[in-house]
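One-letter residues, chain by chain:
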Amino acid sequence: MTTGTEDSRSVNFGAPRSFGTVLKSKVKETLFPDDPFHLLKNEPFGRRFLKTLQYFIPICEWLPKYNLSFFKYDLLAGITIASLAIPQAISYANLAKIPPVIGLLAACSLLIAETIGELASPTTDQELYISLVFTATFFSGLFQTALGMLRLGILVDFLAHSTITGFMGGTAVLICLQQMKGLLGLKHFTKSTGVVDVLKAIHENRHEFNWKSALIGVMFLIFLQFTRFVKKKKPKLFWVSAIGPMAVVVAGCLFAYFAHAEKHGIAIVGPLKKGINEPSVNRLIFDPKFVYGPIKAGLITGLIALAEGIAIGRSFAIATNEQIDGNKEMVAYGLMNIVGSMTSCYLTTGPFSKTAVNVNAGCKTPMSNVVQAVCMMMVLLFLAPLFSYTPQVALSAIIISAMLGLIKYKKAYYLFKTDKFDFVICMSAFFGVSFISMDMGLIISVGLALLRALLYMARPATCKLGNIPNSKLYRDVEQYPGATAIPGFLVLQVGSPIYFANANYMKERILRWVRDENELAMASEYNVEFVLLDFGAVTAIDTTGVESLHEVQRNLECKGMKMIIINPRIDVMDKLMVTKFIDKIGKDAVFLSNEDAIEALRFSVQGSKQVDEEGLKRS
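Below or above, wherever it landed, is the structure these notes cover. This one's a predicted model, so the numbers in the text were calculated from it and none came from an experiment.

Time to look at the overall build of the protein chain. Regarding its fold elements, the protein chain presents 25 helices and six strands. Burial analysis of the protein chain (619 residues in total) assigns 50% to the buried set. For the protein chain, restricting intrachain contacts to residue pairs at least 6 apart in sequence, the fraction spanning at least 24 positions comes to 77%. Surface accessibility of the protein chain: about 31,300 Å² in total, with carbon and sulfur atoms responsible for 64%.

This is the structure:
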């Protein structure tokens, strides 16, 4: 019946796999879940080398196939994205308190500005501040590259989507409040990023309000929001939203030049020099006195940038029915930031707004990024001084408009309606970032998410199964009230791996099911003689888990019951064979399915007046 040799429905009691075989399988599934090298199978050496090169250097795959029909789309997309990136980059540089020309080379992070600001002032000690920013970018790149090379993309998965939603929303609120200085024309402001401190600074400096600056800022903000509204209502007009920031900058420059904005108390960016920034490798600082701050900022922002960038990449890949490799994305971001830190660049990632514009503009290949880079270089070489008249209030309006799109209130409401714990995780990140600090808000939210995961692992689901009438199916009796129990049998389903964290709970829960079933059986004048444990969902078990099964088995024996194992998975079967547990309960106590077990054991049931052929036809 269960020797493993009689028929195709017998349980396989073959020799356990070797340690090397198991290790190879686990490493492959952990580090290479997408099986990236499956295309190399059955290929000659030359083809393998070429495909490997294409895998690690994607341009080797798409460039040989490139043609002019693709270029016209990529050219339009590259110019469009550059028109958005230039004003946003200047704005973000202003936010991070670094020279605008550095911002033109990449995006930025408020978290880096906050952390580095504790070590050096961006106004009184700007050179040290900028050097530490480059150092933080360098460490961020090293961290990202290491994660990608070691195939540790799984770490990014520990940042729950609800955590990212709350973190980005809280950060957006902080940034919007920070921009009140430029929007209201304030000359004094707080260096803190907390909501309370910012609101207090606005109140204390209310006598510095410049109504002219505020009026211009509100007008720019309304215009930018209107362009976003147009894009939302008519996606084909995406370019209206894309050129909105550039239109604001151009209009602001013209206004500031002809109206002499500075005479009216409206601050401008100031002189911008032409040319590519000089290499910054000599500006990286590894002095123990300062290095902790850049390492901290680099690790945290590197992880956030990866999570955001990979999430964005995956969302667009799904929309286009493609697949991306998160580990390759990590390596790309990491190398980009390492090289950037040595060439006067700031931390960079793949922001949603620019990605969306790039896709909507019709880009066909990464060549659109090359076009964008050329456009940025042309601005740096020839047009940078033209942006020196950009009003600070225009940059504040651009930043606020971009940040408003990151406050996902509809997503938060959706989480509240569908998963209250996810909503708590989201709100903990949002309020933690807003009222404590960015890193503490992230830590609290990630901590709650991990706590939830640990609770799921430590208290996994178990359920009692019953037979669906007129079928051979066994389902949860709570979910399907019509499912009926089989007299003399208790069928339980275990819903997770069994290991040290939950082994004791699983033992106690199984014995509690047995106790409750015995009470029901006594009222129905039959005894439970077989306890069937459906292990179809148990993917693994450790030695502590096996010991707990021994305890359950001994407890059942004392009650005159027998344990039956149903459908153990290969990893579980290997462990049960190696630990001699199968020898302990006997091979005749292992079955492929619940119906096989009940069919084989029903004639052994004693003491039940209700067990007969007619009553068990449904099993």
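Attention now goes to the packing of aromatic side chains. Counting across every chain of the model gives twelve aromatic pairs. Centroid distance F138 to F139: 5.8 Å. Interplanar angle 65 degrees. Geometry classified as edge-to-face. For F139, a relative accessible area of 15% gives the class buried. Measuring from ring centre to ring centre gives 5.2 Å for Y257 and Y389, while their planes differ by 85 degrees; the resulting arrangement is edge-to-face.

A separate point is the environment of M438. One can find M438 in helix α20 (residues 438-458). M438 sits 244 residues away from G194 along the chain, and the two C-alpha atoms are 9.0 Å apart.

In terms of burial, strand β1 (residues 462-467) is a largely internal element, six of the six residues being buried. Side-chain alternation along β1 places T462, K464 and G466 on one buried face and C463, L465 and N467 on a second face that is also buried. Bridge count for β1 against strand β3 (residues 489-494) is four bridges, and the pairing is antiparallel. For T462, the partnering residue across the bridge sits in β3 and is V494.

Contact geometry for helix α8 (residues 161-178) and α20: axes closest at 10 Å, N-to-C directions at 160 degrees. The angle between α8 and α20 falls in the class roughly antiparallel. Handedness of the α8/α20 crossing: right-handed. Of the residues in α20, those in contact with T163, F167, T171 and L174 of α8 are M438, L442, S445, V446 and A449.

Given a rise of 1.5 Å per residue, 17 residues ought to cover 24 Å, and the 23 Å separating the end C-alpha atoms of helix α16 (residues 367-383) matches this to within 8%. Inspection of α16 places M367, S368, V371, Q372, M376, V379 and L380 among the buried residues, and these make up the whole buried set.

In this section: the sheet that holds β1. Remark on secondary structure: sheet strands pair via backbone hydrogen bonds, oriented parallel or antiparallel. Across the sheet, which stays open at both edges, the six strands sit in the order β2-β1-β3-β4-β5-β6 with mixed pairing between neighbours. Two strands close off the open sheet at either side, each with one partner strand: β2 (474-476) and β6 (590-591). Both β3 and strand β4 (residues 530-534) contribute to a ladder of five bridges, which runs parallel. Each bridged residue has a counterpart across the sheet, and for L490 the counterpart in β4 is V531. Strands in contact with helix α22 (residues 543-558) are β4 and β5 (562-566); relative to β5, the strand with the most contacts, it is inclined by about 140 degrees.

Here is what the cut-offs are and how they apply
Residues numbered from 1 in each chain as written. Predicted model: local features only at pLDDT ≥ 70, side-chain atom pairs only at ≥ 80, totals over all residues. Heavy atoms only, no water. Helix = DSSP H or I, 4+ residues; strand = E, 2+ residues; numbered from the N terminus. Buried < 20%, exposed > 50% of the residue type's maximum accessible area, 1.4 Å probe, protein only. Contact = heavy atoms within 4.5 Å. Areas by Shrake-Rupley, 256 points an atom, 1.4 Å probe, with all protein chains shown as cover. Phe/Tyr/Trp six-rings, centres within 6.5 Å; stacked < 30°, edge-to-face > 60°. Pairing = 2+ DSSP bridges. Axes fitted to C-alpha atoms, helices over the stretch in contact; angles between N-to-C directions. Parallel < 35°, antiparallel > 145°, perpendicular 65-115°, else oblique. Left-handed = near helix turned anticlockwise from the far one by under 90°. Expected span 1.5 Å × (residues − 1).

Geometry only, nothing functional implied.
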